[in-house]
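Here are the chains, one letter per residue:
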Amino acid sequence: GEALIASGYYVVHPVSDGDLALDIYGAELDDGADARLYTNNGTLAQSFFLSWSKGFYTLTCAHSGKKLGVADGNVEQVGGAVDASKRWTVRAGGN
């Protein structure tokens with residue numbers, strides 16, 4: 001497939017509440033820092049570089065340079081090489 005969204009910096013909001021944004025808790029720099037919804041405050045902890053490669057997206061945290069990944073069902077920032085836990089898909093529509 002092709003990229004649905006151009007590479008660049010984005011703030012991720014839930015459709016249900018534009019006053020919230022995906023946020024790295026406490027602007028932590030360490031691996032394992034939780035991603036969560038928090039009041040939109042315009043900080044780099046809420047900015048993610050979305051890039052497309054080999055059929056998947058990666059989201060890089062602007063404040064730390066680490067990737068957004070999944071570990072044990074938790075979304076968090078993680079350093080190291082890109083693997084399946086750090087690859088994301090984007091779907092058109094609201095589903």
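Residues numbered from 1 in each chain as written. Predicted model: local features only at pLDDT ≥ 70, side-chain atom pairs only at ≥ 80, totals over all residues. Heavy atoms only, no water.

## Looking at the overall build of the chain
Threshold: Only DSSP runs of H or I with at least four residues qualify as helices, and only runs of E with at least two residues qualify as strands; both kinds are numbered from the N terminus onward. Between the two quantities, the radius of gyration covers C-alpha atoms and the globule rule is 2.2 Å times the number of residues to the power 0.38. Burial classes follow relative accessibility: with a 1.4 Å probe on protein chains only, a residue under 20% of its type's maximum area counts as buried, one over 50% as exposed, and anything between as partly exposed. Contacts are residue-level and defined by heavy atoms, with any inter-residue pair within 4.5 Å sufficient. Here the open area of atoms and residues is found with the Shrake-Rupley method and a 1.4 Å probe, where only the protein chains shown may cover a residue.
In terms of helices and strands, the chain carries 0 helices and 7 strands. When the helices and strands of the chain are read in sequence order from the N terminus, they spell out β-β-β-β-β-β-β. Computed over its C-alpha atoms, the radius of gyration of the chain comes to 13 Å, within 12% of the 12 Å expected for a compact globule of 95 residues. Oriented by its inertia axes, the alpha-carbon framework of the chain measures out at about 35 × 30 × 25 Å. Residue burial in the chain is summarised as follows: out of 95 residues, 27% are buried. Of all intrachain contacts in the chain linking residues separated by at least 6 positions in sequence, the fraction that spans at least 24 positions is 44%. In the structure as shown, the chain presents an accessible area of about 5900 Å², 53% of it carried by carbon and sulfur atoms.

## Details of the environment of Arg-36
Here Arg-36 is to be found in strand E3 (residues 35-39). Under the relative-accessibility criterion, Arg-36 is labelled partly exposed at 25%. Each C-alpha atom of the pair Arg-36 and Ser-7 lies 22 Å from the other, and the pair is 29 residues apart in sequence. Ignoring anything within four residues of it in the chain, the contact list for Arg-36 reads Ala-21, Leu-22, Asp-23, Tyr-25 and Gly-26.

## Here we look at the packing of aromatic side chains
Stated precisely, the cut-off is as follows: Between the rings of Phe, Tyr and Trp (Trp by its six-membered ring), a pair exists once the centres lie within 6.5 Å; its type follows the angle of the planes, with under 30 degrees stacked, over 60 edge-to-face, and the other angles tilted.
Inspection of the entire model under this criterion finds 2 aromatic pairs. Ring geometry for Tyr-9 and Phe-49: centres 4.9 Å apart, planes at 65 degrees, overall edge-to-face. Taken together, the positions of Tyr-9 in strand E1 (residues 8-10) and Phe-49 in strand E4 (residues 48-53) put the pair 40 residues apart, joining distant regions of the chain. Tyr-9 gets classed as exposed once you look at its relative accessible area, which sits at 55%. A centroid spacing of 4.9 Å and a plane angle of 65 degrees characterise the contact between Trp-52 and Tyr-57, whose relative ring orientation is edge-to-face. Overall, Trp-52 belongs to the partly exposed group, its relative accessible area being 29%. Judged by its relative accessible area of 2%, Tyr-57 is buried.

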